[in-house]
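Chain and residue survey
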Amino acid sequence: MHTSHPAGWAVGPAEHRAAVATETAAFVAALDGADLTVPVPGCPDWTLRDLVKHTGSVQRMFSVLLRRLVQEPPRSREVELHLPTAEDGWADWLSASAAEAADAFAGTDPDAPMWAWGADQHARFWMRRMLFETLVHRTDAERALGRRPVIDPALATDGVDEFLTNLPYATLFAPNVARLRGEDETLRFRCTDTDGDWLVRLRPDGFGTEPRTGDAAATPADAAVKGTSADLLLLLYGRLDRGTDAVETVGNEALLTRWFTNSAF
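What comes next concerns the included structure.

Definitions and cut-offs
Residues numbered from 1 in each chain as written. Predicted model: local features only at pLDDT ≥ 70, side-chain atom pairs only at ≥ 80, totals over all residues. Heavy atoms only, no water. Core = buried A, V, L, I, M, F, W, Y, C linked by side-chain atoms within 4.5 Å. Buried < 20%, exposed > 50% of the residue type's maximum accessible area, 1.4 Å probe, protein only. Contact = heavy atoms within 4.5 Å. 1 Å grid on protein atoms, 1.4 Å probe; cavity = no way out; pocket = protein on both sides within 12 Å on 5 of 7 lines; lining within 4 Å. Points joined across faces, edges and corners; volume = space filled by probe spheres on them. Nonpolar A, V, L, I, M, F, W, Y, C, P; charged D, E, K, R; others polar. Helix = DSSP H or I, 4+ residues; strand = E, 2+ residues; numbered from the N terminus. Axes fitted to C-alpha atoms, helices over the stretch in contact; angles between N-to-C directions. Parallel < 35°, antiparallel > 145°, perpendicular 65-115°, else oblique.

Residues L66, W126, L164, F189 and W259 are the most contacted members of the largest nonpolar core, which totals 57 residues. Ignoring sequence-local partners within four residues, the contact set of L66 consists of A104, F105, T108, M114, A123, W126, M127 and M130. Within the second largest apolar cluster, 16 residues are counted, among which are V28, L51, V52 and L94.

Written out as structure tokens, the structure reads:
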């Protein structure tokens, strides 16, 4: 299945691959002189060192999957991580992880069929997923260090789309997602700085985004969430509280509570 993106905020595999490098470089830059023992607000119980290790490990694991073009879920997620031996080696190790990813990207056709846990059963799924793992954790690192993250609006909009598209498939590691059922209630997520607009329908058998058509865009929703693309992305990932002034929520409060209680990724 090809993942479609509306004109105006189309971001494809080439942009995803380039952005993995850019986002990792920004993450590495944030580590310069940083105390790796500081806690990470976006990831309870993690230190900055834990965050770096996780991000680089994900990049290396996804790179292995891409090189092998796996056709079924891997039995083991153990890969050779080549972890640094010295405390001052983490930044270089994270840079090397991105280099591993770039090498895997260079040798992989993004349209090659392969197993993925989400909606898009092609190599490009993992390229896109790697980007948003890296981007969100880059913002985690910056927030842990007292900085205000900046996210490119086109990437943020694509990240909202990626999140909402794949969330129905995430029950394996986010079991509460299975509770997102309903009687055709709808939630609208809208970006105020781009034309990102999604209508999510909760059905008795599951949920998902409605096709982006003129009818869907005009359909009134039972509840709505509106904010900049960056704030919407961070809200969906649980990095912003729903009560923040940065986003506006209107409509059925019980529906909004059900969504945000059970959609943690």
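This paragraph deals with empty space enclosed by the protein. One pass over the full model with this rule turns up one cavity of 30 Å³ or more. Looking at the largest cavity, its volume works out to about 90 Å³. Forming the boundary of the largest cavity are M61, V64, L65, R68, V70, P74, S76, R77, E78 and V79. Of the residues that constitute the lining of the largest cavity, the class distribution is six nonpolar, one polar and three charged.

Structurally, P73 is set in the loop between α2 (48-68) and α3 (90-106). Note: C-alpha distance between P73 and A116 (43 residues apart in sequence) is 7.6 Å.

Two elements in contact, α2 and helix α4 (residues 123-144), have axes separated by 10 Å at closest approach and are oriented at 170°. Classified by the interaxial angle, the pair formed by α2 and α4 is roughly antiparallel. Along its contact with α2, which presents L48, L51, H54, T55, V58, Q59, F62, S63, L65 and L66, the element α4 presents A123, W126, M127, R129, M130, E133, T134, H137, D140 and A141. Partitioning the contact of α2 with α4 into residue classes produces 11 nonpolar, six polar and three charged.

Turning to helix α7 (residues 229-236), a few remarks are in order. Where burial is concerned, most of α7 is hidden: eight out of the eight residues are buried. S229, A230, D231, L232, L233, L234, L235 and L236 are the residues of α7 that are buried. Positioned one or two residues after α7, G238 has a phi angle of 75°, which is positive.

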